[in-house]
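# Examination of the molecular architecture
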Amino acid sequence: MLQSTAININGNATGAAGGSKQGTTGKAEKMDTNGMKPETMTDEQGQSANSVVNIKGLSLTFETNDGPVHALSDIDLTINQGDFVSFIGPSGCGKTTLLRAVADLEQPTGGELLVNGVSARDARLNRDYGYVFQAPALYPWRTIAGNISLPLEVMGIPKSERQDRIARNMELVNLSGFDKKYPWQLSGGMQQRASIARALSFDPELLLMDEPFGALDEIVRDHLNEQLLRLWDKTDKTVLFVTHSIPEAVFLSSKIVVMSPRPGRIYDVIDCNLPRDRGLDIRETPEFLEIAHRVREGLKEGHSYDD
Ligand SMILES: Nc1ncnc2c1ncn2[C@@H]1O[C@H](COP(=O)(O)OP(=O)(O)O)[C@@H](O)[C@H]1O
Ligand SMILES: [Mg+2]
């Protein structure tokens, strides 16, 4: 397996842990004022103060009638606050399982997993993450505002505050004015934006997205990629994003995790340092193509020991 090394676009002398916005003092101050619990700032587990996901030696095996399926094996990964991390790899390499483990929807069979410095279960109970699925999964009998409101209602948030949050998040995803529409009155791309607004409604630190744009055509996907990038820049969320698309991964990410199947492993971790205010035209630049090439090579090589 390759080690994490940075492809450094700006030519700064940074290694795998550097070259990104991770270590800025602005972030650390922000975490403080956000009232992070003191224990999450400690280094007890060997994690850096701004790491949001810490995975060490994680494995996950499903017991099936046909025998064990090693969905994840020996995964080591640290994701820092404000990172946008894409997971890319062939079908069945464990991308969804890894995301679901972070969300406490699957239980690892070995290793360590900390989310915001606590167990995945505690992070789930703290509502530390929002989850966006491939299909928007909106309730057809609720309006768009009603769908975004649902997690807030479950949390018992008073109506006036709910209305504020709904308006704010609809604006974030450029859906202002569509609050009274029903999901079926919106295009697929707009529905997916609504499901992102729903995932953001309770202001989670982490956004987990499993191929959210996989079912959309390329033009809509391009548009949503740009919007998601702006949203990430504005909100400073930490994003874990599963995709099959190399251009999508390179365009969006500060870090790309290339995975290989049987058993699901991390083959390469690539730091991307493209300028934060990038537009789609960056996809024509040598820097972009260089990273895309490395991802493609990783996918090819990761696959070959399978044959
Ligand atoms: N609940 C489950 N029971 C048994 N096997 C599973 C289950 N979920 C996933 N798998 C298997 O685990 C492997 C990884 O699956 P998955 O995480 O969905 O991959 P990906 O999202 O990369 O396509 C696959 O071989 C899949 O068949
Ligand atoms: Mg999947």
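Preceding this paragraph is the structure being described.
Residues numbered from 1 in each chain as written. Chains lettered and ligands numbered in written order. Predicted model: local features only at pLDDT ≥ 70, side-chain atom pairs only at ≥ 80, totals over all residues.

### Quick word on the overall build of the protein chain
To be explicit about the condition: Helix and strand assignments come from DSSP, with helices taken as H or I runs of at least 4 residues and strands as E runs of at least 2, each series counted from the N terminus. Exposure is read from a count of other C-beta atoms within 10 Å of each residue's own; the residue is exposed at 12 or fewer, buried at 20 or more and partly exposed in between. C-beta atoms are placed from the backbone. For the purpose of contact definition, each residue receives a C-beta atom placed from its backbone, and two residues are in contact when these atoms lie within 7 Å.
Helix and strand counts for the protein chain come out as nine helices and 11 strands. For the protein chain, with 307 residues in total, the buried portion stands at 43%. For the protein chain, contacts bridging at least 24 residues in sequence account for 70% of all contacts bridging at least 6.

### Let's talk about the pairing of strand β11 (residues 265-271)
The test is simple: When DSSP finds at least two bridges between two strands, those strands are taken to pair.
Taken across its seven residues, β11 has seven buried, putting it largely inside the fold. Of the strand pairs in this sheet, strand β10 (residues 255-260) and β11 are connected by six bridges, and their pairing is antiparallel. Along β11, the bridge assignment pairs M259 with I266. Connecting β10 to the antiparallel partner β11 that follows it, the hairpin turn spans four residues, and R262 within it adopts a positive phi of roughly 50°.

### Re the sheet that holds strand β3 (residues 67-80)
Filter applied, for reference: Whenever a helix is involved, its axis is fitted only over the stretch in contact; in every case the axis is a line through C-alpha atoms, and angles between N-to-C directions fall within 0 to 180 degrees.
Read from one edge of the open sheet, four strands run β3-β2-β5-β6, paired in antiparallel fashion. Two strands bound the open sheet, and with one partner strand each, they are β3 and β6 (118-119). Bridge count between strand β2 (residues 51-64) and β3: 10 bridges; the pairing is antiparallel. Across the sheet, the residue bridging to T61 is H70, located in β3. Contacting β2, β3 and β5 (110-115), helix α2 (residues 95-102) runs over the sheet at an angle of about 60° to β3.

### Brief notes about the nonpolar core
For the record, the criterion: Only buried Ala, Val, Leu, Ile, Met, Phe, Trp, Tyr and Cys residues enter a nonpolar core, and they are joined through C-beta atoms within 7 Å.
Among the nonpolar cores identified, the biggest contains 74 residues, and V102, L208, L240, I256, V257, V258 and V295 are the most heavily contacted of them. Of all the elements, helix α6 (residues 188-200) adds the most residues to this core, at six residues. Residue contacts for V295: discarding those within four places in its chain leaves I88, I246, A249, V250, I256, V258 and I270.

### Observations regarding the environment of T109
As for its position among the elements, T109 is in the loop between α2 and β5. Spatially, the C-alpha atoms of T109 and H70 are 9.9 Å apart, while their sequence positions differ by 39 residues. Setting aside residues up to four positions removed in sequence, T109 forms contacts with S59, L60 and T61.

### A closer look at the site of ligand 1
The cut-off we apply is this: Should the C-beta atom of a residue, placed from the backbone, lie within 6 Å of a molecule or strand, that residue is near it. All amino acids are sorted into three groups, where Ala, Val, Leu, Ile, Met, Phe, Trp, Tyr, Cys and Pro are nonpolar, Asp, Glu, Lys and Arg are charged, and the leftover types, Gly among them, are polar.
Neighbouring ligand 1 are 13 residues; F62, A71, K95, T96 and T97 lie closest to it. Mapped onto the shell around ligand 1, the elements with two or more residues apiece are β2, β3 and α2. Top element by residues in the shell around ligand 1 is α2. It accounts for three residues. The class makeup of the residues in the shell around ligand 1 is four nonpolar, eight polar and one charged.

### Here's the deal with α6
What counts here: Between the first and last residue of a helix there are one fewer steps than residues, each counted as 1.5 Å, and that sum is the expected span.
With 13 residues, α6 should reach 18 Å at 1.5 Å per residue; the first-to-last C-alpha distance of 19 Å fits that figure. Burial analysis of α6 places 11 of its 13 residues in the buried class, which makes it a mostly covered element. Taken together, the buried positions of α6 are occupied by M190, Q191, Q192, R193, A194, S195, I196, A197, R198, A199 and L200. Looking at the packing, one finds that the buried side of α6 touches β7 (129-132), α4 (144-154), α5 (159-172), β8 (206-210) and α7 (218-235).

### Quick look at unusual backbone geometry
Both trends apply: most residues other than glycine have a negative phi, and most peptide bonds are in trans. Note the cis peptide between R262 and P263, where omega equals -5°. Mapped onto the elements of the fold, P263 is located in the loop between β10 and β11. If you check the backbone angles, D74 has positive phi at about 55° while not being a glycine. With respect to the element layout, D74 can be found in strand β3. Residue D74 is classed as partly exposed on the basis of its C-beta count, with 16 C-beta atoms lying within 10 Å.

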